[in-house]
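# Coordinate inspection notes
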Amino acid sequence: MTMRAQNATALAALALISLGLSVPVAAADGAGAAPAGGAAAPTSDTPPGPAGTAPTTGAASPQRVTSGAWLGRTVQVQGSLGAAAAQHDVIVERLSPSQGRWVTTGRARADDQGAFTISWRASEPGHLAFRAYVATTRAGSAQADAAPGSASLVANLTVYRPARATWYGPGSYGRKTACGERMTHRLIGVASRTLPCGTLVEVYYRGASLAVPVVDRGPFSRATWDLTFAAARALGFTGSEQIGTLILGHTGSAGSALAGPPGA
């Protein structure tokens, strides 16, 4: 019923976005293996790679993540616009969720093969779209104009807020949560100290994301989030660890139950 997140690989200092048809994963969580795609040397600062569309409300199965980064960390955006772009300025833009428009992320000089790389400090959370294109120059002016119509490349990235999380459930089954839900081993959601009941949160953990509602108050520890047993099980989360979160909106209802036989 649920999809386990991938085996842990090392966190990377830089998330890598390749503009084009393939989007290699920059890194993944945990410790041990080298980052996928040869993106960067492992550190404990940045997450794996998620991206794409938000999971549907109350989804019980995690969605695979392809490219992502932690808020405040550095992302490398690279690609190639081909020989026609050689030694030309390339502009990289992102579609900002907060501003609702394309915003310049960086500018670079393409090499002899038209390849380019820029670095961007992830300054806003959300599902972001990126595009890159060759800049053009007006006649008699040094000002470069956006030319999205010329050989543009696109890619997606999800930027998450990193936070410490725990999980709970056993010992509370049968009781009502602070949001009025009946706590069972099948209730999928998170506890938050401040967010309104029913707020939809995308939780990222080890290569997968899951959209869950706020169903309770907590945690009563130094952690920021408390996953219900069902949410933790769906993501393969087993202890007190770092997750990524993204506020998606409001569900209109507090909780969601996982289908399946009772038990555990």
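Scope of this entry: the structure provided in the associated data block. Here the structure is a predicted model, which means the values were calculated and not measured.

### Section: the state of the cysteines
- Within the structure shown, the criterion is met by one disulfide.
- Each disulfide pairs two cysteine sulfurs, and for C179 the partner residue is C197, the sulfurs being separated by 2.0 Å. Taking the sign of the S-S torsion, about -80° here, the bridge from C179 to C197 comes out left-handed. With C179 in the loop between β11 (153-168) and β12 (187-188) and C197 in the loop between β13 (190-191) and β14 (199-205), this pair connects stretches of sequence that are 18 residues apart.

### Here we look at the pairing of strand β6 (residues 101-109)
- Pairing between strand β5 (residues 89-96) and β6: eight bridges, direction antiparallel. Directly across from I91, in β6, lies its bridge partner R107.
- Hairpin connection, β5 to β6: the antiparallel pair is bridged by four residues, and G100 has positive phi, about 65°.

### Digging into the pattern of salt bridges
- With the rule as written, the count across this model stands at five salt bridges.
- For D89, the salt bridge is made with R109, and the minimal N-O distance between the two is 3.1 Å. Of the two residues, D89 is situated in strand β5 and R109 in strand β6; the sequence distance between them amounts to 20 residues.
- For R109, a relative accessible area of 51% puts it in the exposed group.
- Linking E93 and R131 is a salt bridge whose minimum nitrogen-to-oxygen distance equals 2.7 Å. Note that E93 is positioned in strand β5 and R131 in strand β8 (residues 126-134), a separation of 38 residues in sequence.

### Here's the deal with the side chain of D226
- Mapped onto the secondary structure, D226 falls in strand β16 (residues 225-228).
- The charged side chain of D226 is buried without a salt bridge, its nearest counter-charge being R193 at 8.1 Å.
- Every residue in contact with D226, bar those within four places of it in the chain, is listed here: T166, W167, Y168, G189, V190, A191 and P219.

### Notes on the nonpolar core
- Within the largest apolar cluster, 21 residues are counted, with the highest numbers of intra-cluster contacts made by V190, V203 and W225.
- Every element with two or more residues in this core is listed here: β11, β14, β15 (208-216), β16 and α1 (229-235).
- Counting residues per element, this core draws most heavily on α1, which supplies five residues.

Cut-offs and rules
For every chain, the first residue of the written sequence is number 1, and numbering continues from 1 onward in sequence order. This being a predicted model, a pLDDT of at least 70 is required before a residue's local features are given, and a value of 80 or more before pairs of side-chain atoms are given or counted; all residues contribute to the totals for chains, interfaces and linings. Side-chain numbers come from the whole structure's heavy atoms, not from hydrogens or water. The disulfide definition used here is simple: a pair of cysteine sulfur atoms within 2.5 Å. A run of DSSP states H or I qualifies as a helix once it reaches four residues; a run of E qualifies as a strand once it reaches two. Both are numbered from the N-terminal end. Two strands qualify as a pair provided that DSSP identifies no fewer than 2 bridges between them. Put simply, a salt bridge is a Lys or Arg side-chain nitrogen that is within 4 Å of an Asp or Glu carboxyl oxygen. The classification of residues rests on relative accessible area computed with a 1.4 Å probe and restricted to protein chains. Under 20% of the type maximum is buried, over 50% is exposed, and intermediate values are partly exposed. Neither His nor the chain ends is counted toward charge; the positive residues are Lys and Arg and the negative residues Asp and Glu. Here, two residues are considered to be in contact whenever any of their heavy atoms come within 4.5 Å of each other. The set of buried Ala, Val, Leu, Ile, Met, Phe, Trp, Tyr and Cys residues whose side-chain atoms join them within 4.5 Å is what this entry labels a nonpolar core.

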